[in-house]
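Survey of secondary and tertiary structure
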Amino acid sequence: MKNVFGFLISVALGIFIILALANTDAFPAFGDVDLTERISNAYLDINNVEQVGSANLVTAIVVGYRGFDTLGEVTVLFISALGVAFIFGGVKQKRLDLDFKPNFMLRVGSNILFGIILVTSFYIILHGHLTPGGGFPGGAIIASAVLLLYLADDRFRSNVKGFKVLEGVAGSIFVVIGLLGLVFATAFLENFLPAGTVGNLISAGIIPVIYVLIGLKVGSEIAGIVDNFLTEEESA
Amino acid sequence: MIQYAAIILFVFGIYGLFTNRNVIKMIVSLNIMEIGLNIFIISIGYVGGGSLAPIISSTQDLGLIYVDPLPQALVLTAIVIGVGTTALGLAIAKSIFNTYHTFELDEMEESA
Amino acid sequence: MTFYDIISIVVGVLLLGIAFMAINAKRLINSVLFLSALSMLAVVSFVLLKAPDVAITEAVIGSGLVTALFVFTLLSVRGRESQ
């Protein structure tokens, strides 16, 4: 009975959404988008691209045009990591018992792989303004590397305090760079370094700097979440 | 075509929230809703006809068509928020389990 | 009917089928693994929609980290159900 009721409500909602969205001005048919009527036309303007200096327009929007949004967004991630740490909180903590015992080869091999994954993540973060990628996926790859060490070694615990310090320092430098924009230019988070040539590694002013900080912050936050999920209280 | 699949995916998520009485399954349903919504937001920025990803390859005007970068920037941050909210939901689910020793909402009401 | 349309239809049908199986799976671990497969297909659809940044992020987070968090939650409670 409950399933039928839920099914009917879901079908009605789906029909309502599709009818409401069909070919209105806000949601044109798939593929028939006219960008000249949208705000993105200004982002795609070649003069604005040269002024910002970032070849990847998504990065230009995330860190450049909407940098203040991104500051709030990493704050939301920080608060959710704080909530996870609060719920799992406890004084005496130990590693969750996994059923397998990793052997010597697995441990050494995963230590070598850890370095390779870390180098890949820094490549992705540093080239965020040139190629697809950037701070958010790069930070998640850092957290994946830490997760690999947790899975390959049943006694491993990452240095949680070090991650917390790294996260706090990265977030603080982000805000300080924003305030420097207020000093050297006119607005918070304004780009006060020269934009350079589009396509060079050292270009786009403060965008790569901020993306590196975002990468470190996201990586340490998600690594902290992973650590919280793999520990439990001693008495339980 | 993917646009309609995304809307139906969102509706599937709502159906899962209605019918499942298991905490983990409800979080899975929320994740399915999130994926559908992300695909839909990306799809309203898609420009047909040989368009390119929004990465500038040349500063000369070659008549290249790029897709809308703004929805992609919004979804990029939404995905990272999604892992935070999912982790928080799973933490709450684990602490529910530690109290009631079950994930099923019906059994919780019986034992309470 | 171009190649792009055919791929779009295949990916869309697979998305819906796997989402249905994820919602209606009997065991929790199957549901979680179907969610991981759904994330992987979402990556394909992001690539089809010309969004490589979002595709990389979803590939790392959706199919890797979120699945790991679900599996750890299920691992930590195994063998402790009340009945």
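First, a word on what this report is: a plain description of the structure on this page. Keep in mind that what you see is a predicted model, and the values were worked out from it rather than measured.

Procedures and definitions
Residues numbered from 1 in each chain as written. Chains lettered and ligands numbered in written order. Predicted model: local features only at pLDDT ≥ 70, side-chain atom pairs only at ≥ 80, totals over all residues. Heavy atoms only, no water. Contact = heavy atoms within 4.5 Å. Buried area = accessible area lost by both parts, 1.4 Å probe. Salt bridge = Lys/Arg side-chain N within 4 Å of Asp/Glu carboxyl O. Polar contact = N/O pair within 3.5 Å; in protein donor to acceptor, adjacent residues only side chain to side chain. Helix = DSSP H or I, 4+ residues; strand = E, 2+ residues; numbered from the N terminus. Nonpolar A, V, L, I, M, F, W, Y, C, P; charged D, E, K, R; others polar. Core = buried A, V, L, I, M, F, W, Y, C linked by side-chain atoms within 4.5 Å. Buried < 20%, exposed > 50% of the residue type's maximum accessible area, 1.4 Å probe, protein only. 1 Å grid on protein atoms, 1.4 Å probe; cavity = no way out; pocket = protein on both sides within 12 Å on 5 of 7 lines; lining within 4 Å. Points joined across faces, edges and corners; volume = space filled by probe spheres on them. Expected span 1.5 Å × (residues − 1). Arc of directions from axis to C-beta.

**Regarding the interface of chain B and chain A**
How large an interface is tends to be reported as the accessible area lost when its parts come together. Facing the 44 residues of chain B at the interface are 51 residues of chain A. For the pairing of chain B and chain A, the buried interface totals around 4100 Å² over both sides, and the portion due to carbon and sulfur atoms is 77%. There are 0 salt bridges connecting chain B and chain A. Counting every contact that joins chain B to chain A gives 0 residue pairs in polar contact (both at pLDDT 80 or more). Of all the secondary-structure elements, those providing two or more residues to the side of chain B that touches chain A are helix 1 (2-19), helix 2 (23-43) and helix 3 (69-100) of chain B. At 18 residues, helix 3 of chain B tops the list of elements feeding residues into the side of chain B that touches chain A. Of the residues that constitute the side of chain B that touches chain A, the class distribution is 30 nonpolar, 11 polar and 3 charged.

**Focus on the interface of chain C and chain B**
Tallying the contact residues gives 41 residues for chain C and 45 residues for chain B. When the buried surface of chain C facing chain B is broken down by residue, I23, L49 and K50 of chain C rank first, second and third, together holding 18% of it. Counting the contacts that link chain C with chain B gives 0 salt bridges. Taken together, the elements giving at least two residues each to the side of chain C that touches chain B come down to helix 1 (3-24), helix 2 (28-48) and helix 3 (52-76) of chain C. In terms of residue count, helix 3 of chain C provides more of the side of chain C that touches chain B than any other element does, 12 residues in total. Counted by class, the side of chain C that touches chain B contains 25 nonpolar, 11 polar and 5 charged residues.

**Overview of the nonpolar core**
Taken as a class, soluble globular proteins show a tendency for nonpolar side chains to be buried jointly. Among the nonpolar cores identified, the biggest contains 107 residues, and F136 and F229 of chain A, I32, I39 and F103 of chain B together with L38 and F70 of chain C are the most heavily contacted of them. Top element by residues in this core is helix 3 of chain B. It accounts for 12 residues. Discounting residues that sit within four places of it in the chain, I32 of chain B has contacts with L9 and G13 of chain B together with A19, A22, I23, L35 and L38 of chain C. If you look at the next biggest cluster of nonpolar residues, it comprises 11 residues, including V49, L57 and V198 of chain A together with I56 of chain B.

**So, the layout of surface pockets**
Residue and element names in this part refer to chain A. Taken as a whole, the largest pocket encloses approximately 340 Å³ of empty space. Elements supplying a minimum of two residues to the lining of the largest pocket: helix 3 (46-52), helix 4 (57-65), helix 5 (67-87) and helix 9 (207-229). The residue makeup of the lining of the largest pocket, split by class, is 10 nonpolar, 5 polar and 1 charged.

**Re unusual backbone geometry**
Phi at H101 of chain B takes a positive value of approximately 60 degrees, unusual for a residue other than glycine. Inspection of the secondary structure puts H101 of chain B in the loop between helix 3 and helix 4 (105-111). Phi angles above zero are rare outside glycine, and K50 of chain C is one such case at about 60 degrees. Among the secondary structure elements, K50 of chain C is positioned in the loop between helix 2 and helix 3.

**Concerning empty space enclosed by the protein**
All told, the structure shown has 2 cavities of 30 Å³ or more when counted by the stated rule. In this structure, the largest cavity occupies an estimated 110 Å³ of space. In terms of lining residues, the largest cavity is bounded by 14 residues, among which N31 and E34 of chain B together with E58, G62 and V66 of chain C are the most central. Sorting the residues of the lining of the largest cavity by element identifies helix 2 and helix 3 of chain B together with helix 2 and helix 3 of chain C as the ones contributing at least two each.

**Some words on helix 1 (residues 2-21) of chain A**
An ideal rise of 1.5 Å per residue puts 28 Å on 20 residues; helix 1 of chain A measures up with 29 Å between its terminal C-alpha atoms. Listing the buried residues of helix 1 of chain A in full gives G6, S10, G14, I17 and L21 of chain A. End-on, the buried residues of helix 1 of chain A take up no more than an arc of 70 degrees, which puts them together on one face. Among the exposed residues of helix 1 of chain A, those pointing more than 90 degrees away from its buried face are F5, L8, F16 and L19 of chain A. Buried residues along helix 1 of chain A sit against helix 1 and helix 2 of chain B.

**Here's the deal with the pattern of salt bridges**
Residues and elements named next belong to chain A. Evaluation of the coordinates by the stated rule reveals 4 salt bridges over all chains. Note that R66 is salt-bridged to D69, the shortest N-O span being 3.0 Å. The partner of E167 in a salt bridge is K217, and the shortest N-O contact between them spans 4.0 Å. Remark: K217 occurs in helix 9 and E167 occurs in helix 8 (residues 160-184); sequence separation between them is 50 residues. Here the two residues E167 and K217 agree in accessibility, since each one is buried.

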